[in-house]
Amino acid sequence: MDGTIITIKDLNVAYQDKPALWHINLDIRKNSRTAIVGPNGAGKSTMIKTMMKLIRPVSGSIEIDGRTDKGVLKNIAYVPQKGEVNWDFPATVLDVVLMGRYVHKGWVKRTQKKDRDIALEALKTMKMEAFCDRQISELSGGQRQRAFLARAIAQDADIYVMDEPLQGIDITTENLIMDVIRKLQAEGKTFIVVHHQLNTVKEYFDHVVIMNKTIIADGPTDAVFTGDNIEKAYREKGVGV
Amino acid sequence: MMEVLTSFTFIVVAAGTMILAFAGGMVGAISVMKGQSLIGDAVGHATFPGIVLAFMLIGVKETYTLALGAVLFGIIAFLTIQMITNHSKVTLDGALALVLSSFFGLGMALMSFVQGNPDFEGTQGLNDYIFGQAAYMLRSDVYLITAASVISLFILAAFYIQIRIYIFDPVFSRTAGINNTLMNFIILIITILLISVGLKAVGAILIVNLLIAPAVIGQLWSSRFSTVLLIAGSSGAFAAFTGTYISTAGENIATGPAIILTLSFLMALSLFCAPKGIIRRNIYKRRMGGVS
Ligand SMILES: Nc1ncnc2c1ncn2[C@@H]1O[C@H](COP(=O)(O)OP(=O)(O)OP(=O)(O)O)[C@@H](O)[C@H]1O
Ligand SMILES: [Mg+2]
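Only a predicted model underlies this, so the values are computations on that prediction, with no experimental measurement involved.

**Q** How would you explain the overall build of chain B if you had to name every residue and give the values?
**A** Looking only at helices and strands, chain B has 14 helices and zero strands in total. Along chain B, from the amino end to the carboxyl end, the secondary structure elements read α-α-α-α-α-α-α-α-α-α-α-α-α-α. Its C-alpha atoms give chain B a radius of gyration of 20 Å, within 12% of the compact-globule value 19 Å for 292 residues. With respect to the principal axes defined by its C-alpha atoms, chain B has extents near 70 × 55 × 35 Å. Taken over 292 residues, chain B has a buried fraction of 50%. Long-range pairs, those at least 24 residues apart, make up 73% of the contacts in chain B between residues at least 6 apart in sequence. Here chain B displays about 13100 Å² of accessible surface, and carbon together with sulfur accounts for 69% of that area. Of the side chains in chain B, 14 bear a positive and 10 a negative charge, and the two mean positions are spaced by 24 Å.

**Q** I'd like a description of the pattern of salt bridges, backed by residues and values.
**A** Summed over the entire model, instances satisfying the criterion amount to eight salt bridges over all chains. Notably, a salt bridge pairs R151 of chain A with D169 of chain B, separated by 2.8 Å at the nearest N-O pair. Remark: D169 of chain B occurs in the loop between α8 (160-168) and α9 (170-175) and R151 of chain A occurs in helix α4 (residues 141-155); the pair is interchain, linking two chains. The exposure classification of R151 of chain A matches that of D169 of chain B, with both residues buried. Taking the shortest distance from any N to any O, the salt bridge between R182 of chain A and D179 of chain A comes out at 3.6 Å. Separated by three residues within a single helix, R182 of chain A and D179 of chain A lie in helix α5 (residues 171-186), roughly one turn from each other.

**Q** Hey, could you go over the sheet that holds strand β3 (residues 33-37) of chain A for me, with residue numbers and the actual values?
**A** Residue and element names in this part refer to chain A. Across the sheet, which stays open at both edges, the six strands sit in the order β5-β6-β7-β3-β8-β9 with mixed pairing between neighbours. Two strands close off the open sheet at either side, each with one partner strand: β5 (76-79) and β9 (214-220). In this sheet, adjacent strand axes meet at a mean angle of 15° when their direction is disregarded. As paired strands, strand β8 (residues 207-212) and β9 are joined by six bridges and run antiparallel to one another. By the bridge assignment, H207 is partnered in β9 with P220. Here α4 sits on the sheet in contact with β5 and β6 (159-163), set at roughly 175° to β5.

**Q** Tell me about the site of ligand 1, residues and numbers included.
**A** All names here are of chain A. Near ligand 1 lie 13 residues; those nearest to it are G41, G43, K44, S45 and T46. Between an oxygen atom of ligand 1 and a side-chain N or O atom of K44, the distance comes to 2.7 Å. A distance of 3.1 Å is found between an oxygen atom of ligand 1 and a side-chain nitrogen or oxygen belonging to H196. Burial of ligand 1 by the protein chains amounts to 64% of its free accessible area of 640 Å².

**Q** Got a sec to walk through the interface of chain A and chain B? Specific residues and values, please.
**A** Quite often, the size of an interface is put as the accessible area lost when its parts meet. Contacts between the two partners involve 25 residues from chain A, matched on the other side by 20 residues from chain B. Between chain A and chain B the total buried area reaches about 2200 Å² when both faces are included, carbon and sulfur atoms providing 66% of it. At the junction of chain A and chain B, the tally comes to two salt bridges. When the shortest N-O distance is used, the salt bridge between D95 of chain A and R164 of chain B registers 3.7 Å. Connecting chain A to chain B are six residue pairs in polar contact (both at pLDDT 80 or more). Mapped onto the side of chain A that touches chain B, the elements with two or more residues apiece are α2 (93-99) and α4 of chain A.

The rules behind these values
Residue positions are given per chain, counting from 1 as you read along its sequence in written order. Each chain gets a letter, beginning with A, and each ligand a number, beginning with 1, in the order they are written. Local features in this predicted model are restricted to residues whose pLDDT is 70 or higher, and side-chain atom pairs enter the listing and the counts only when it is 80 or higher, whereas totals over whole chains, interfaces and linings include all residues. Note: side-chain values were computed over all heavy atoms of the structure, leaving out hydrogens and water. Per the convention used, a helix needs a DSSP run of H or I reaching at least four residues, while a strand needs a run of E reaching at least two, with both numbered from the N terminus. Radius of gyration here uses only the C-alpha atoms, and the compact-globule reference equals 2.2 Å multiplied by the residue count raised to the power 0.38. Only protein chains enter the accessibility calculation, which uses a 1.4 Å probe; a residue whose area is less than 20% of its type maximum is buried, one above 50% is exposed, and one in between is partly exposed. In this analysis, two residues are considered to be in contact whenever any of their non-hydrogen atoms come within 4.5 Å of each other. Throughout, the Shrake-Rupley method with a 1.4 Å probe supplies accessible areas, and for residues the shown protein chains are the sole cover considered. Counting rule applied: Lys, Arg positive; Asp, Glu negative; His and chain ends not counted. In plain terms, the charge of a residue is placed at NZ if it is Lys, CZ if Arg, CG if Asp and CD if Glu. Salt bridges are counted wherever a side-chain nitrogen of Lys or Arg sits within 4 Å of a carboxyl oxygen of Asp or Glu. Two strands make a pair as long as DSSP finds a minimum of two bridges between them. Interaxial angle, 0 to 180 degrees, is taken between N-to-C directions of lines fitted to C-alpha atoms, where a helix line uses only the stretch in contact. By convention in this text, a residue qualifies as near a molecule or strand provided that one of its non-hydrogen atoms is within 4 Å of it. Residues adjacent in sequence count toward polar contacts only when both atoms are side-chain atoms; beyond that, a polar contact is any pair of N or O atoms within 3.5 Å, and within protein one must be able to donate a hydrogen and the other to accept it. The quantity reported as buried area is the accessible area (1.4 Å probe) lost by two parts once they are put together, taken as the sum for both.

Here it is in structure tokens:
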């Protein structure tokens, strides 16, 4: 159960000619709650997007569940930092959550009752059931975030990759999200979460990756999340530049 | 009035424009929601030189060849727009304006060249492709429109769920295994196809309105994706019928402008009366305590 679920080997990523990630080598443990921390511009989002094959790396490899093909992405629910979705699109919250079920469909893509039930259950989990028929454009920022987390839950993936899901969210919702994450972890899911509040890392995550363009340290939070490592990551412009 | 309604020409023409406008409204709603309505405008104008060149090559105004010329130039125009935006600092709206005016200008230049040239006969009908003249539509035009519309709607139905996810959230659609490039290509191809077959009925200048106006109407009346598409298609078809009637009954009214005017009227009406229109919004605001 406690094997490695994601293996990154010698990953290099650049935007045009500007390097963003250097020689990333990283194992992410199966069934862990892994935080990714580092200063602004450290390349946290870049690393996640590369995992999701949204960015093509200069070199290196990413193995997920032993696979490198595109199909493996269906097992990953990805919640981007800022949902770059079409906010004017005519869709209700339930419509959006139902989209999460798409990955489980065969050639006939019609929504079945089972999908509806799962979507409604996911909305309940995120305490969004009252908004089920609300237009997605008519939600507050925190409600939007919850709707997208509900979609990720409805997707019923093995791996959850979230880019700062707690950003701009009140403490009640934050606790709710962390409870859901712990509950799903108990069901065997793996969480990779970009996280900005250093004071809650120990409480919220059992594993941590500290990075700034390159990996500074990674491993169990208790062992790795030390003042020394944090200082290394947050000191000036980064390492090796 | 009954004479017009039962005349064979009218039935043929009305059927053609209605099918075209129904498919155009649906496909247009997708382009509009994707934020691409102006690409349709540029492509619409850019098909005109394709028509004239096809005519110059074969010497007659043969429906299928002219449509093929239009499709080709629509694709060339789109590729040009992409090339300009990808490889230069020119923004999308700049590239659109550039392509629209230069392609259409080329079409106009070619047309005046052919019209003043004794080597070419039967050039007078080329004007119809600028403003549209449904009354001169041939049976082959209607067949072509029907075939293109049915194919477009069929493709739309086949990829409906994927297209819907892709337009709402392209990042999610990609990670969910939907081929975004293919979706974009499908939307573009059916847009170009419908524009090309509809030129004779509505004209290169106004055809984009057949894509945009129904979409606006649909979005004003509904906040469900499927309903927006249906309303867009239906209002397009209704305007096509009314416009064709006006144009067939009255003497010198081109069909394109007549259809577009009807659409504009429907749009103005919706803008005021629809749930998301001006009046209802204000009533709602007042009920909520007058805070705007
Ligand atoms: N699309 C892009 N084009 C060019 N450079 C980019 C692009 N996206 C990010 N970068 C650069 O790559 C570096 C890493 O960015 P990234 O978004 O991965 O950082 P991050 O760790 O997620 O930061 P934050 O904490 O602010 O979210 C930054 O220097 C950024 O300026
Ligand atoms: Mg980021």
